[in-house]
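Inside the fold
What follows is each chain in one-letter form.
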Amino acid sequence: MNNFDLYNKYASAEAMTLADEMRLFLTVLSGKEVPTDRGEDVSSRPEPTIDDQCAGAISAREYWQGLSAAVMARMMPRWLATKAQMGERRRQHYMSAEFLVGRALLNNLVNLDMYEEAEAAARSLGIDLKQVLEAEVDPALGNGGLGRLAACFMDSAATLNLNAGGYGILYHYGLFKQKIVNGFQEEHPDEWLDMAYPFLIEHRECAVEVSFTDMTVRAVPHDLPITGYRTNNINTLRLWNAESIEPFNIGLFNAQKFNEASAHAMHVADICRVLYPNDSTPDGRALRLRQQYFFTSASLQDILRDFRRKHGTNWDLLPDYHCIQLNDTHPVIAIPELMRLLIDKHGCSWDYAWTITRRMFAYTNHTTLSEALERWDMLTLDYLLPRVAVICRNIDAQFRQEMAAANIGHNRLNRIAPIVNGYINMAWLACYTAYSINGVAAMHTEILKCDTLHDFYTLWPEKFSNKTNGVTPRRWLRMCNPGLSAMITRLLGSDAWVTNLDLLQQLLPFVDDPAVQDEFLAIKEKKKADLADWLHKTHNVDIPVHGIYDIQIKRLHEYKRQLLYILYVLDLYFRIKEDGLRLSTPQVCIFGAKAASGYYRAKSIIKLINEVSRLIAADPLVSEQVKVVFIPNYNVSVAEKLFPAADVSEQISTTGKEASGTGNMKFMMNGALTLGTPDGANVEIAEAAGAENVYTFGPQIDEMPGLMASYNPSAAMKATPGLERTMNALRNGLLNDGGTGRFADLYRNLVEGQNWERPDIYYVLGDFAAYRAAHDRIAADFENRREWARRCLINIAMSGRFSSDRTVQDYADEIWHLEPHAVTLD
Ligand code: 26Q
């Protein structure tokens, strides 16, 4: 019996209490006897030792498993009703290599209005619900903003009653689990699936086959239910797992060739092992291409099968019933694959297939960094997927013909044709084929139109639109900040804001009220205390509760400039130690970031943050005013503890480089003030909150080209008082990089340039003075607590437009053309 049958059985059984259901699943899944409430205080139950667990004691994670299974059983009738009622309707599919969904249990309890019931059920079995929730391990299915955006969109689509689903990959170890050893990042496999994950249901009967030159793989779907807030609609995120058709070669095995017997199955399993294998080698690149083709081909086969069952072979109706949003270039290989399936499997002509394909796809761009625009060597494609390669060449030839007919010059053609110099550019392929192209913040879309995708914009301006990102207020406010949520609900007289975030503007009449300001400050203080407590318990790190919590959390990248922040802190160290500066309020500088495993300089920056932290901790005078904390293994559940505790939101990318940012929006909703460059969505945040309620520094986007052309970092360093002293600490031995030369490399890269590269291409030293001045203004402004609170409250009140409900509604209206349907239960 698989999970699905199990859940259905209990779903259809007579009404049981949640506690009974939880007990039942707990018994079945753990094979242990479940104790009942003995009237003890459950809030501080110690986690049983492994020995005790072997002897029958139940771990918090087992309780989590039992409760999650019980919640799944409760969801089944709605999930089945959604599938039944949405079956004949137009459907949108979000294809993405990442879905950073985060923990599922609390999210579902809140959405289904089951929190209190679950609290009581847990208590009756002798455990505290909070402990159960903390035992959940994050699914490791994404790495950064693009993956989290996909998860927020799933949440909003379900809440808005839209018939929208997701397709992705079931990574077994996700990205990696980050440990910090001696200040250095270490990567370890993230075994999030080590224990059965109750929210996934395998649908073996829906498996399809995906073929490469050297292997045919069975793609088995695993479905994750996506609940909406207080609605019956439950959408589906379908994640594909790769299996070998033959688990091992029995002939080889019987010939004692044990390794060889399993080698093929291992190669197949590699497809789903990790997110973004190191792509610095050709083998790594080929594996990434395999992943992309694997999940997009399986998903298209799934869509076509569904269509054929309902509408037969009337393929020109396909775009009326299905549309596909491509989350960046990662799933763009779906375009030639749909052509292949329509032509080779379903007998369509090229022209017929092309007309259909062009009406199916919409493309979202998430970056203007040229190194992140994916290009594949046609030789790799020829080897792995020869038929797809032929189709790509045909598309390229067709594009060139169309352009020649439109008198597009040769030079321009060779800039924008899908295949140039033996490489296929997936963004160009998407721009040619998709009926819609969008950027993720107003400024980003302008850069696409004027620069990155300018040629396509002149050809097809009507394809382009902006869809500024958003984040789900359920997870990022209602769930992670119950105290603030309760205050908002009380002041507004209703909790309607949870699904209509623009209502937060009704907070405006209260922002000048000292009682409300004080209440906000008390809620913030409590969240800081919670964070400090958690850091103490889990990482043995102590931070002052009464500090300015100044937080930078995001993937580590040079353009995001964690280096600027840590250099500022190092500079602060010298100002306190040598210049007699005294801070009225301690500054707590918090970092969280994973660096791609092959990204050398990003890893150097992590080491530097940890060394500056150590330097300061060892100095009594400075350490009572400044604390630097690098939180290992930053992920969604850690983020949920950080956003509510923040005073200052660090959004300091080099202007023009951050497409949007979404952490900036989560900080704003939780009442932190943005310290940022006029980049990405920061611009819109400043517009919404008012320039006086954010700290913007640095040049405007149109000033950047001129500044960079004449930029001399060494001169900037010398012209900025104190900066030379700070920079020299990177190379005079004050900071210890373990003899690796990493800090000297950072210095050279900023000041001198190396390997024919210009120095400091991200303008760190150029922005340093303005950034430091902004920090100094913050330190002064923070002292006026009520005025500070007033500005935080204005930020919260004006954060409504950054709800992903607004974003998804815009996609639904302007790109997907979807009408809502509220599922009914009989
Ligand atoms: C590309 C080629 C080879 C290997 C890996 C990649 C790769 C992998 C992941 C390229 C990009 C990504 C992820 C990008 C990402 O997360 N972008 C962020 O998307 C957010 C949502 O739109 C924006 O808010 C951020 O500004 C943007 O950086």
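Residues numbered from 1 in each chain as written. Predicted model: local features only at pLDDT ≥ 70, side-chain atom pairs only at ≥ 80, totals over all residues. Heavy atoms only, no water.

With respect to the overall build of the chain
When its secondary structure is counted, the chain shows 36 helices and 21 strands. The globule rule puts the C-alpha radius of gyration for 826 residues at 28 Å, and the 27 Å found for the chain is close to it. On the principal axes, the C-alpha backbone points of the chain span a range of 80 × 80 × 65 Å. Looking at the chain residue by residue over its 826 residues, the buried ones come to 60%. Across the chain, contacts joining residues at least 24 apart in sequence account for 77% of those joining residues at least 6 apart. Taken as a whole, the chain presents about 31,000 Å² of accessible surface, with 51% of it coming from carbon and sulfur. Charge separation in the chain, taken as the distance between the mean sites of 83 positive and 102 negative side-chain charges, equals 2 Å. (Helix = DSSP H or I, 4+ residues; strand = E, 2+ residues; numbered from the N terminus. Rg over C-alpha atoms; globule rule 2.2 N^0.38 Å. Buried < 20%, exposed > 50% of the residue type's maximum accessible area, 1.4 Å probe, protein only. Contact = heavy atoms within 4.5 Å. Areas by Shrake-Rupley, 256 points an atom, 1.4 Å probe, with all protein chains shown as cover. Lys, Arg positive; Asp, Glu negative; His and termini not counted. Charge placed at Lys NZ, Arg CZ, Asp CG, Glu CD.)

Some details on helix 36 (residues 804-816)
A rise of 1.5 Å per residue sets the reference length of helix 36, with its 13 residues, at 18 Å; its end C-alpha atoms lie only 15 Å apart and thus fall more than 12% short of the reference. Those residues of helix 36 not exposed but buried are Ser804, Asp805, Thr807, Val808, Tyr811, Ala812, Ile815 and Trp816. Around the axis of helix 36, the buried residues are gathered within 160° of arc, so they sit on the same side. Two or three places before Asp805, at the start of helix 36, stands the capping residue Ser803, its side-chain oxygen 3.0 Å from that residue's backbone nitrogen. (Expected span 1.5 Å × (residues − 1). Arc of directions from axis to C-beta. Polar contact = N/O pair within 3.5 Å; in protein donor to acceptor, adjacent residues only side chain to side chain.)

Thoughts on the pattern of salt bridges
The final tally for this structure, using the stated rule, is 53 salt bridges. With its nearest N and O atoms 2.8 Å apart, the salt bridge here joins Asp579 to Arg725. On the criterion of sequence distance, the pair formed by Asp579 in helix 24 (residues 562-579) and Arg725 in helix 32 (residues 723-728) is long-range, its members being 146 residues apart. The exposure class of Asp579 is partly exposed, given its relative accessible area of 48%. Under the relative-accessibility criterion, Arg725 is labelled partly exposed at 23%. Of the charged contacts in the structure, one is a salt bridge between Glu611 and Lys607, with a shortest N-O distance of 2.9 Å. You can see Glu611 and its partner Lys607 sitting in helix 25 (residues 600-617), four residues apart, about one turn around the helix. (Salt bridge = Lys/Arg side-chain N within 4 Å of Asp/Glu carboxyl O.)

Description of the environment of Leu141
Structurally, the position occupied by Leu141 is in the loop between helix 7 (129-134) and helix 8 (145-159). Under the relative-accessibility criterion, Leu141 is labelled buried at 3%. The spatial distance from the C-alpha of Leu141 to the C-alpha of Val274 is 8.8 Å, given a sequence separation of 133 residues. Those residues in contact with Leu141 that sit more than four places away from it in its chain are Ala97, Glu98, Phe99, Leu100, Ile169, Tyr171, Trp192, Leu239 and Leu275.

Brief notes about the packing of helix 8 against helix 36
Packing of helix 8 against helix 36 leaves a shortest axis separation of 9 Å and a crossing angle of 75°. In terms of orientation, helix 8 and helix 36 fall into the roughly perpendicular class. Residues Cys152, Phe153, Ser156 and Ala157 of helix 8 lie in contact with helix 36, whose contacting residues are Ser804, Asp805, Thr807, Val808 and Tyr811. Among the residues making up the contact of helix 8 with helix 36, the classes are represented as five nonpolar, three polar and one charged. (Axes fitted to C-alpha atoms, helices over the stretch in contact; angles between N-to-C directions. Parallel < 35°, antiparallel > 145°, perpendicular 65-115°, else oblique. Nonpolar A, V, L, I, M, F, W, Y, C, P; charged D, E, K, R; others polar.)

Focus on the nonpolar core
In this structure, Phe294, Val569, Val626 and Met727 are the most contacted members of the largest nonpolar core, which totals 276 residues. When residues no more than four places from it in sequence are discounted, the contact partners of Val569 are Cys589, Val612, Ile616, Val626 and Val628. (Core = buried A, V, L, I, M, F, W, Y, C linked by side-chain atoms within 4.5 Å.)

Comments concerning the sheet that holds strand 21 (residues 695-696)
Pairing is parallel across the open sheet formed by six strands, whose spatial order is 18-17-16-19-20-21. What marks the edges here is a single partner per strand, and that holds for strand 18 (626-630) and strand 21. Sitting on the sheet, helix 24 touches strand 16 (548-553), strand 17 (587-592), strand 18 and strand 19 (648-651), and the angle it makes with strand 17 is about 155°. (Pairing = 2+ DSSP bridges.)

Regarding the pairing of strand 7 (residues 215-227)
In terms of burial, strand 7 is a largely internal element, eleven of the 13 residues being buried. Relative to strand 7, strand 5 (residues 201-202) is paired through two bridges, and the arrangement is antiparallel. Across the sheet, residue Ile201 finds its bridge partner in strand 7, namely Asp223. Where strand 6 (residues 208-212) and strand 7 come together, five bridges link them in antiparallel fashion. Bridging across to strand 7, Ser211 finds its partner in Thr216. Taking the residues between adjacent antiparallel strands as the criterion, strand 6 and strand 7 are bridged by two residues. In this antiparallel pair of consecutive strands, strand 7 and strand 8 (residues 234-244), the connection spans six residues, and Arg230 shows a positive phi of 50°.

Read these as geometric descriptors, not functional statements.
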